[in-house]
Amino acid sequence: MSQRPDLRQRRAVLEHEWSRWVPRLSVPGTRPGGSAALRHEVTESWARSLSSVDPARDSAPVTDAGRVHQRWTSSPLYGPVSALAGELRSIAEDAGFVTAVTDESGTILWTCGGPTMRRRAERVNFAPGGRWDEPAMGTNALSLALRTGRPSSVFSAEHLVSALHGWVCYCAPVHGPDGRVLGVLDLSTTWDRSHPLAMSTVRTLVSTIEARLGSEAVSGPGEVRLTCLGAERAVREGRRLALRPRQLEILTLLALEPEGFSPERLRAALYGDRPVTASTFKAEISHLRRALGGGVSPRRYALTTPVSCDAADVLRALEQGDTDTALRLYGGPLLPRSEAPGIEEWRTRLEVAVREAVLASTRPEHALRYGERAPYDAEIHEHALRLLGPGDTRRAIARGRLTTALRD
């Protein structure tokens, strides 16, 4: 009973604040004439939050002094999100958003975005280590998505904490193959950058992450799942294999060429003309063999244990004419940090194959999606413009990218 006056008073204040913000921008959830329509799930969240959160607080509390790198690299979301990192950064920077990923507790583990928006976000500790669950930070999109298990958006003064009234947030929970919520993907920006396509973008990205989680989960018993497009990760039965970069290069080459390599050819694919001793080369093979529990044949090096690989999946999809699947799985360049000649050759082959499939497609969404990863590829943006109808609002996106590509 003691909280009733506080809630009524807070509701009155928030309705006043909300009515000040709404006329500035047309957003869903408003009554004719611009007056505020306070959602039931928002008012329920305020009622729960007021017992633990001061609306005047200036930032989110911190977990483990912000040191969450270990939690992030061991998270089941690390691999799928890393594979999409290039696309997430492109979306955030182009549209003026901050992208964040939390764990199941609402603690932010990873963010990206342009420097200006990230600085603004850091002022309220919308950054790794920040806690954004309801008991810590009250009503916000992350806390609602975690609580309901559904996509959520919170605009301006719908936030309980006044310091967030200049923000709009769109997010969706990420479910594991077993249905359990593993965390939340969030796109946040200032209220004046609110965009009607933001929520659909979040849903699409989450679907891609969940598909990658599912592909790891359906691996057969003992099968290794190798993610090497835009990321570097090998997982067996939910556990990450402790492989050094050189061993990941070997595993990737063997996965892409199942017929195997002679020792001389594999050594050249890894080192080129560099003077590397035979013992160093054999030590890398031995370490990989131990990590796989055998798994690599002697003399002619080939895999003898099942390994599924996202790069091989992309090539298979392209061979079947399935550009949709190829683009969904193409998380970025093959082992982007590698300078091994064999990896560089395969990297180029994959990039060319995906690009040519996009240029051959008659669906504009393929060119738009690939264009997010290729901001300076004028031919891709011109192709998108040719496919988009005169009244299609997405033309503005393609035209903006083309202008940037031609200017630079």
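Residues numbered from 1 in each chain as written. Predicted model: local features only at pLDDT ≥ 70, side-chain atom pairs only at ≥ 80, totals over all residues. Heavy atoms only, no water.

Undergrad: Got a minute to help me understand the overall build of the chain in this structure?
TA: Helix and strand counts for the chain come out as 18 helices and 9 strands. Per-residue burial over the chain gives 53% buried out of 408 residues. When contacts within the chain are restricted to residue pairs at least 6 apart in sequence, those whose partners lie at least 24 apart make up 61%. (Helix = DSSP H or I, 4+ residues; strand = E, 2+ residues; numbered from the N terminus. Buried < 20%, exposed > 50% of the residue type's maximum accessible area, 1.4 Å probe, protein only. Contact = heavy atoms within 4.5 Å.)

Undergrad: Can you help me understand the pairing of strand β6 (residues 224-227) in this one?
TA: Regular strands place their side chains on alternate faces of the sheet. Of the two faces of β6, the one lined by V224 and L226 and the one lined by R225 and T227 are each fully buried. The hairpin formed by β6 and strand β7 (residues 233-236) contains 5 residues between the paired strands, and G230 there has a positive phi angle of roughly 75°. Pairing of β6 with strand β9 (residues 307-309), which is carried by 3 bridges, proceeds in the parallel orientation. For V224, the partnering residue across the bridge sits in β9 and is V307. (Pairing = 2+ DSSP bridges.)

Undergrad: What is the right way to look at the packing of aromatic side chains in this model?
TA: Counted by the stated rule, this structure contains 6 aromatic pairs. Relative to W110, the ring of W72 has its centre 6.4 Å away and its plane inclined at 25°; by these criteria the two rings are stacked. Linking W72 in helix α3 (residues 69-73) with W110 in strand β2 (residues 108-113), this pair joins segments that are 38 residues apart in sequence. The class for W72 is buried, based on a relative accessible area of 6%. Overall, W110 belongs to the buried group, its relative accessible area being 12%. Here F97 and Y170 contribute two aromatic rings whose centre-to-centre distance is 6.4 Å and whose plane-to-plane angle is 50°, an arrangement assigned as tilted. Of this pair, F97 sits in the loop between α5 (85-95) and β1 (98-102) while Y170 sits in strand β4 (residues 167-175), and the two are 73 residues apart along the sequence. For the pair shown, F97 and Y170 are each scored as buried. (Phe/Tyr/Trp six-rings, centres within 6.5 Å; stacked < 30°, edge-to-face > 60°.)

Undergrad: I'm lost on the sheet that holds β4 in this one. Help?
TA: Strands in a sheet are paired, the pairing made by backbone hydrogen bonds, and the direction either parallel or antiparallel. Taken in spatial order, the 5 strands make up an open sheet running β2-β1-β5-β4-β3, and their pairing is antiparallel. At either end of the open sheet lies a strand with only one pairing partner, and these are β2 and β3 (152-155). Direction aside, the axes of adjacent strands within the sheet are offset by 15° on average. In this structure, β3 lies alongside β4, joined through 4 bridges in antiparallel fashion. (Axes fitted to C-alpha atoms, helices over the stretch in contact; angles between N-to-C directions.)

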